[in-house]
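Residue-level structure breakdown
Each chain, letter by letter, is given below.
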Amino acid sequence: MRAVELFEQGRADAEVARMVGIHPESVRRWKRMWEQGGLESLRRRPATGRPPKLDDAQVEVVRAALEQGAQAHGFEADLWTLERAGVVIERLTGVTLARASVWRLLTGRLGWSLQRPRRQAVERDESEIARWVAQEWPRIKKGR
């Protein structure tokens, strides 16, 4: 670590901060830690915080279920929303997740991304559109 090398050379905190490109207060904090615990005290540690509500096995069960599609789970349209995914997660695991947590699960742990369906009228008739383009549009374009 570059800052430790500079500490060992006896450089001033402000000079170390300038050379490393870090705020002087951070350099002072690092130096205190280094003086008390050596280089090992400055090494990265695993992130702390609350563990995830779903373990890896449960996440894989959820992944498999969601890949079956929404209709396979009793929803009318084959479209996943955060609410629908949350309902399926609760059914499968017994764990209730907030919408934000469902979003983090889908985008973070499962690697999914937001997909929006293309808007298209349900009553759209492709054959009627093709007929109109072939027959009516040339007549309208030609004019009187």
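Residues numbered from 1 in each chain as written. Predicted model: local features only at pLDDT ≥ 70, side-chain atom pairs only at ≥ 80, totals over all residues. Heavy atoms only, no water.

1. A word on the overall build of the protein
- A count of helices and strands for the protein gives seven helices and zero strands.
- Scanning the protein from its N terminus toward the C terminus, one meets helices and strands in the order α-α-α-α-α-α-α.
- In summary, the protein has a C-alpha radius of gyration of 30 Å against a globular reference of 15 Å for 144 residues, an excess of more than 25%.
- Counting only C-alpha atoms, the protein reaches 90 × 50 × 20 Å along its principal axes.
- Burial analysis of the protein (144 residues in total) assigns 23% to the buried set.
- Look at the contacts in the protein between residues 6 or more apart in sequence, and 37% of them connect residues 24 or more apart.
- A total of about 11200 Å² of accessible surface is found on the protein, and carbon and sulfur atoms cover 51% of it. (Helix = DSSP H or I, 4+ residues; strand = E, 2+ residues; numbered from the N terminus. Rg over C-alpha atoms; globule rule 2.2 N^0.38 Å. Buried < 20%, exposed > 50% of the residue type's maximum accessible area, 1.4 Å probe, protein only. Contact = heavy atoms within 4.5 Å. Areas by Shrake-Rupley, 256 points an atom, 1.4 Å probe, with all protein chains shown as cover.)

2. Some remarks on the side chain of Arg84
- Secondary-structure assignment places Arg84 in helix H5 (residues 82-93).
- Of the side chains with opposite charge, Asp78 lies nearest to the buried Arg84, which makes no salt bridge, at 6.8 Å.
- One polar contact links the side chain of Arg84 to the main-chain carbonyl oxygen of Ala77, over a distance of 2.9 Å.
- Dropping the residues within four chain positions of it, Arg84 is found in contact with Ala70, Phe75, Ala77 and Leu79. (Lys, Arg positive; Asp, Glu negative; His and termini not counted. Salt bridge = Lys/Arg side-chain N within 4 Å of Asp/Glu carboxyl O. Polar contact = N/O pair within 3.5 Å; in protein donor to acceptor, adjacent residues only side chain to side chain.)

3. Points about the environment of Ile140
- For Ile140, the location among the structural elements is in helix H7 (residues 126-142).
- C-alpha of Ile140 to C-alpha of Leu82: the two residues are 58 residues apart in sequence and 46 Å apart in space.

4. A closer look at the environment of Pro24
- By the secondary structure assignment, Pro24 is in helix H3 (residues 24-37).
- You can call Pro24 partly exposed: its relative accessible area is 30%.
- Note: C-alpha distance between Pro24 and Leu42 (18 residues apart in sequence) is 16 Å.

5. What to know about the side chain of His73
- Structurally, His73 can be placed in the loop between helix H4 (56-67) and H5.
- Here His73 is in contact with Ala65, Gln68, Trp80, Val88 and Arg91, once residues within four sequence places are set aside.

6. Quick word on the nonpolar core
- In this structure, Leu54, Leu66, Ile89, Leu97, Val102, Leu105 and Leu106 are the most contacted members of the largest nonpolar core, which totals 17 residues.
- When residues of this core are traced back to their parent elements, those giving at least two are H4, H5 and helix H6 (99-109).
- In contact with Leu105, other than residues within four places in its own chain, are Leu54, Val59, Val62, Ile89, Leu97 and Leu110.
- Counting nine residues, the second-largest nonpolar core is a separate cluster that includes Ala3, Ala17, Val27 and Trp34. (Core = buried A, V, L, I, M, F, W, Y, C linked by side-chain atoms within 4.5 Å.)

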